[in-house]
Amino acid sequence: NQIISDRNKIVVSSNNNTYVIDANSGLILSKKKFSSKIKPLIINDHFFTVTKNNLLVSMEVSTGKIIYSYNINEKIINIELPNGNLNDFKLKRLL
């Protein structure tokens, strides 16, 4: 289970769901049917994670609105590989 906080919001990822909770009142502000595979990240009110179903998800923390959700497996399949060889493909760290 993953727990992260940003200002007055806490984001908790359980086995099946992700919750945005008001840190002051303890009220659940939103509940989404996905769970994080990796430690989520919050940047400027945007929550980013990779789900257990290999979806890259971005959610606006203040509203709970899903900004985008991409199937990572499909995106990787559609990548043009250098020299057509998977061994030549390298992931670069963005941050």
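Heads up: these notes are all about the structure in this document. (Residues numbered from 1 in each chain as written. Predicted model: local features only at pLDDT ≥ 70, side-chain atom pairs only at ≥ 80, totals over all residues. Heavy atoms only, no water.)

**Remarks on the sheet that holds strand β2 (residues 9-13)**
Remark on secondary structure: sheet strands pair via backbone hydrogen bonds, oriented parallel or antiparallel.
And step 1. Strands sit in the order β1-β2-β3-β4 across an open sheet of 4 strands; the sheet is antiparallel. Only two strands of the sheet have a single partner each, and these edge strands are β1 (2-6) and β4 (28-32). The average undirected angle you get between the axes of adjacent strands in this sheet is 15°.
And step 2. Sheet analysis places strand β3 (residues 18-22) next to β4, joined by 4 bridges and oriented antiparallel. From the neighbouring strand, Val 20 faces β4, where its bridge partner is Ser 30. (Pairing = 2+ DSSP bridges. Helix = DSSP H or I, 4+ residues; strand = E, 2+ residues; numbered from the N terminus. Axes fitted to C-alpha atoms, helices over the stretch in contact; angles between N-to-C directions.)

**Observations regarding the nonpolar core**
And step 1. Within the largest apolar cluster, 9 residues are counted, these being Ile 4, Val 11, Val 20, Phe 34, Ile 42, Phe 47, Val 57, Met 59 and Val 61.
And step 2. Leaving out residues up to four positions away in the same chain, Met 59 has contacts with Val 20, Lys 32, Asp 45, His 46, Phe 47, Gly 64, Lys 65, Ile 66 and Ile 67. (Core = buried A, V, L, I, M, F, W, Y, C linked by side-chain atoms within 4.5 Å. Buried < 20%, exposed > 50% of the residue type's maximum accessible area, 1.4 Å probe, protein only. Contact = heavy atoms within 4.5 Å.)

**Considering the sheet that holds strand β7 (residues 55-60)**
And step 1. Judged by pairing direction, the sheet is antiparallel, and its 4 strands sit side by side in the order β5-β6-β7-β8 without closing on themselves. The open sheet is flanked by β5 (41-43) and β8 (66-71), the only strands paired with a single partner. If you compare each strand with its neighbour and ignore which way they point, the axes differ by 15° on average.
And step 2. Direction of pairing for strand β6 (residues 46-50) relative to β7: antiparallel, over a ladder of 5 bridges. Counterpart to Thr 49 in the pairing with β7 is Val 57.

**Structural notes on the environment of Lys 65**
And step 1. As for its position among the elements, Lys 65 is in the loop between β7 and β8.
And step 2. Note on Lys 65: relative accessible area 52%, which makes it exposed.

**Re the pairing of β6**
And step 1. Sheet topology places β5 next to β6; 3 bridges connect them, and they run antiparallel. When the bridges of β6 are listed, Leu 41 appears paired with Phe 48.
And step 2. In this structure, the hairpin formed by β5 and β6 is closed by a connection of 2 residues, where Asn 44 is found at a positive phi of approximately 45°.

**Overview of unusual backbone geometry**
And step 1. Unusually for a residue other than glycine, Arg 7 sits at a positive phi of about 55°.
And step 2. If you trace the backbone, Arg 7 turns up in the loop between β1 and β2.
And step 3. Positive phi is not limited to glycine here, since Asp 45 has a value of about 70°.
And step 4. Within the secondary structure, Asp 45 is located in the loop between β5 and β6.

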